[in-house]
Amino acid sequence: MILTRNVKKIILISLDSLAIILSSIAAYIFLNPYIDPSNSFYIGVVGICLFSYMGLATYFKLFSKINRYTSLKEILNVFICVSLAFFSASLVSLLAINNISWRFLVLMYVFS
């Protein structure tokens, strides 16, 4: 299989999405004994995070560079992108979801 630039971009997008999903699963497993928000909250927050991260990553052109994490500027762009994605998920959750778990959002952010 030849890894063209587009295939590498798809791999990066998939791995970033997988990292967000795995961080949400880890936060859910860790917090499940302590809090019990509805499952729609978890699914909604993960969906909002994925959607906002993909939009911000496209804006910051994170997927246009195959070799990420090679400079301080790129690491800062990744950090800003992840932070803004979770901030937007927190804001949307605050406005749209009644049963919000700040612990879940913060822990998911820390794990990602």
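What you are looking at is a predicted structure, and each value in this text was computed from that prediction instead of being measured.

1. Remarks on unusual backbone geometry
Here is step 1: Not every positive phi belongs to a glycine, and K61 is a case in point at roughly 60°.
Here is step 2: Along the polypeptide, K61 turns up in the loop between helix 2 (39–59) and helix 3 (72–96).
Here is step 3: Assessed through its relative accessible area of 56%, K61 is described here as exposed.

2. Let's talk about the packing of helix 1 (residues 5–31) against helix 2
Here is step 1: One way to put it is that helix 1 packs onto helix 2 with a least axis distance of 10 Å and a crossing angle of 150°. When the axes of helix 1 and helix 2 are compared, the pair comes out roughly antiparallel. Between helix 1 and helix 2 lies a crossing of right-handed hand. Across the interface between the two elements, I13, D16, S17, I20, I21, S24 and Y28 from helix 1 touch N39, Y42, V46, C49, L50, Y53 and M54 from helix 2.
Here is step 2: Grouping the constituent residues of the contact of helix 1 with helix 2 by class yields 10 nonpolar, 3 polar and 1 charged.

Rules behind the numbers
Residues numbered from 1 in each chain as written. Predicted model: local features only at pLDDT ≥ 70, side-chain atom pairs only at ≥ 80, totals over all residues. Heavy atoms only, no water. Helix = DSSP H or I, 4+ residues; strand = E, 2+ residues; numbered from the N terminus. Buried < 20%, exposed > 50% of the residue type's maximum accessible area, 1.4 Å probe, protein only. Axes fitted to C-alpha atoms, helices over the stretch in contact; angles between N-to-C directions. Parallel < 35°, antiparallel > 145°, perpendicular 65-115°, else oblique. Left-handed = near helix turned anticlockwise from the far one by under 90°. Contact = heavy atoms within 4.5 Å. Nonpolar A, V, L, I, M, F, W, Y, C, P; charged D, E, K, R; others polar.

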